[in-house]
Amino acid sequence: HLVESGGGLVQAGDSLRLSCTASGRSFDYYHMGWFRQAPGKEREFVAAIDRAGGVTNTDSVKGRFTISRDNVKNTLYLQMITLEPEDTAVYYCAASRTIVDLTTGGRADYWGKGTLVTVSS
């Protein structure tokens, strides 16, 4: 069970931090990721962090978004800076036993319901 929070309406250039809290006791077993879906577009991969802390980001967010995890708090984060109107989307948290499923397959064992980020110009 994954629950995202932290979305909202911001202006271009602002920052936001998304959180995803997982229930259960096996959070550190899963590779975790963030996806987003903009209006009228397909869901796309944003970033992933594996069990060891290795990170993969999509090119459009490199240098602006940072994914991290706290295995004690069972929480995944996405720190976003210098937000752009093109970042407007519903952001989803995902958990997978296979890192490749997250980074290339768009698949996950568990999905959150999403949190909306709106960036105005």
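Everything below is about the structure shown above.
Overview of the structure. (Residues numbered from 1 in each chain as written. Predicted model: local features only at pLDDT ≥ 70, side-chain atom pairs only at ≥ 80, totals over all residues. Heavy atoms only, no water.)

1. Structural notes on the environment of glycine 40
Phase 1: Note on placement: glycine 40 falls in the loop between strand E4 (31-37) and strand E5 (44-49).
Phase 2: Distance in space between the C-alpha atoms of glycine 40 and aspartate 109 is 25 Å, their sequence separation being 69 residues. (Helix = DSSP H or I, 4+ residues; strand = E, 2+ residues; numbered from the N terminus.)

2. Section: the state of the cysteines
Phase 1: Summed over all chains, the structure comprises 1 disulfide.
Phase 2: With a sulfur-sulfur separation of 2.1 Å, cysteine 20 is cross-linked through a disulfide to cysteine 93. Across the disulfide from cysteine 20 to cysteine 93, rotation about the S-S bond amounts to roughly -70 degrees, and the bridge is consequently left-handed. Residue cysteine 20 is found in strand E3 (residues 16-22), and its partner cysteine 93 is found in strand E9 (residues 89-96); the two are separated by 73 residues along the sequence. An identical accessibility class is assigned to cysteine 20 and cysteine 93; each is buried. (Disulfide = S-S within 2.5 Å. Buried < 20%, exposed > 50% of the residue type's maximum accessible area, 1.4 Å probe, protein only.)

3. A word on the packing of aromatic side chains
Phase 1: Evaluated as defined, the whole model comprises 4 aromatic pairs.
Phase 2: Between tyrosine 30 and tyrosine 110 the ring centres are 5.8 Å apart and the planes differ by 80 degrees, which places this aromatic pair in the edge-to-face class. One end of the pair, tyrosine 30, is in the loop between E3 and E4; the other, tyrosine 110, is in strand E10 (residues 110-111), and 80 residues separate them in sequence.
Phase 3: For tyrosine 30, a relative accessible area of 13% puts it in the buried group.
Phase 4: A relative accessible area of 42% places tyrosine 110 in the partly exposed class. (Phe/Tyr/Trp six-rings, centres within 6.5 Å; stacked < 30°, edge-to-face > 60°.)

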